[in-house]
Amino acid sequence: MAHSQATKDDLRKKYIFDGLSLAMAAVMTEVSYPTAQRWKNVAADAGDDWDKVKVAHSMAGGDLEDISRQILTDFIIQFKATMESIKAADDIGPGQRVEMLTSLADAYNKTVASSRKLLPETSKLAVALQVLELLAKYIQEHKPELLIQFMDVLDPFGGLIAKELK
């Protein structure tokens, strides 16, 4: 299906200026992710690098703390989307799920650690994440049959942690 230039422009705006992930911008403009990725690549080849424009816009919009918060927020949005994808996938076995969750938790932990110096309030969240990471590892090694239940509890519990530690 051919999309209008207005749709392409709206997707670009949502990605760059509204700070959405490309996947989320694609959903909101009713464009498939591969199409959005192709438009972004074609634009980059033509000299319009959406990622560079997005970073420049973000940096121009605030001080270092604001930028750090935006980066952390963007990562958390991606983290949540990835968690939803893992939960929704029926073709992933428990061992692979735990491996994916461990990898995702590691990426989150590293992101939080790197922003800790700029955003001291994230240290409490980092400790909470470390505890969850250790729990995930324990479940993987000792109780893999509980993985599905762990995932069902993890998402709402993560919301509670974020609310309580703000």
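Since this is a predicted model, take the numbers as computed values, not measurements.

**Remarks on the nonpolar core**
Here's step 1: Of all hydrophobic cores here, the largest spans 19 residues; its most connected members are M83 and L101.
Here's step 2: At the level of elements, α5 (64–88), α6 (94–115), α7 (122–142) and α8 (147–164) are the ones that each hand at least two residues to this core.
Here's step 3: With near-sequence residues (within four places) excluded, M83 lies in contact with L101, L104 and L154.

**A few points about helix α3 (residues 33–45)**
Here's step 1: Its 13 residues place the ends of α3 18 Å apart at the C-alpha level, agreeing with the 18 Å of an ideal helix rising 1.5 Å per residue.
Here's step 2: Of the residues making up α3, those classed as buried are T35, A36, W39, K40 and A43. For α3, the arc enclosing every buried residue in end-on projection is 140°, short of the 170-degree limit, so these residues lie on one face. Those residues of α3 that are exposed and angled more than 90 degrees off the buried face are P34, V42 and D45.
Here's step 3: One or two steps after α3, the chain reaches G47, where phi turns positive at roughly 100°.

**Digging into the packing of helix α1 (residues 5–16) against α3**
Here's step 1: Between α1 and α3, the least distance of the axes is 11 Å, while the angle of their chain directions is 85°. By the angle class used here, α1 and α3 are roughly perpendicular. For the pair α1 and α3, contact is made by T7, K8, L11 and Y15 and by A36, W39 and K40, respectively.
Here's step 2: Taken together, the residues that form the contact of α1 with α3 break down as 4 nonpolar, 1 polar and 2 charged.

**Considering the side chain of K14**
Here's step 1: Assignment of secondary structure puts K14 in helix α1.
Here's step 2: By relative accessible area, which is 14% here, K14 ends up buried.
Here's step 3: Non-local contacts of K14, meaning those with residues more than four positions away in its chain, are made with G19, L20, A25, M28 and T29.

**Looking at unusual backbone geometry**
Here's step 1: Phi angles above zero are rare outside glycine, and E30 is one such case at about 55°.
Here's step 2: The residue E30 is located in the loop between α2 (22–28) and α3 in this model.
Here's step 3: E30 sits in the exposed class, given a relative accessible area of 69%.

**Here's the deal with the packing of aromatic side chains**
Here's step 1: Following the criterion strictly, the structure yields 3 aromatic pairs and no others.
Here's step 2: Consider the rings of F79 and Y108, whose centres lie 4.9 Å apart with planes at 50°: the pair is tilted. You can see F79 sitting in helix α5 and its partner Y108 sitting in helix α6, a full 29 residues away along the chain. Both residues of the pair, F79 and Y108, belong to the buried class.
Here's step 3: Within the aromatic cluster, the residues linked to one another by ring pairs are F75, F79 and Y108.

**Topic: the environment of S4**
Here's step 1: Mapping S4 onto the fold places it in the segment before α1.
Here's step 2: In terms of polar contacts, S4 uses its side chain to reach the side chain of T7, at 3.1 Å.

**Some remarks on the pattern of salt bridges**
Here's step 1: For the structure shown, the criterion picks out 6 salt bridges.
Here's step 2: For K14, the salt bridge goes to D10, with nearest N and O atoms at 3.6 Å. Highlighted residues: K14 and D10, both in helix α1, separated by 4 residues, approximately one helical turn.
Here's step 3: As a salt-bridge pair, D48 and R12 come within 2.9 Å of each other at their nearest N and O atoms. Of the two residues, D48 sits in the loop between α3 and α4 (50–60) while R12 sits in helix α1, which places them 36 residues apart along the sequence.

What counts and what doesn't
- Residues numbered from 1 in each chain as written.
- Predicted model: local features only at pLDDT ≥ 70, side-chain atom pairs only at ≥ 80, totals over all residues.
- Heavy atoms only, no water.
- Core = buried A, V, L, I, M, F, W, Y, C linked by side-chain atoms within 4.5 Å.
- Buried < 20%, exposed > 50% of the residue type's maximum accessible area, 1.4 Å probe, protein only.
- Helix = DSSP H or I, 4+ residues; strand = E, 2+ residues; numbered from the N terminus.
- Contact = heavy atoms within 4.5 Å.
- Expected span 1.5 Å × (residues − 1).
- Arc of directions from axis to C-beta.
- Axes fitted to C-alpha atoms, helices over the stretch in contact; angles between N-to-C directions.
- Parallel < 35°, antiparallel > 145°, perpendicular 65-115°, else oblique.
- Nonpolar A, V, L, I, M, F, W, Y, C, P; charged D, E, K, R; others polar.
- Phe/Tyr/Trp six-rings, centres within 6.5 Å; stacked < 30°, edge-to-face > 60°.
- Polar contact = N/O pair within 3.5 Å; in protein donor to acceptor, adjacent residues only side chain to side chain.
- Salt bridge = Lys/Arg side-chain N within 4 Å of Asp/Glu carboxyl O.

Without other data, these values stay purely geometric and don't point to any function.
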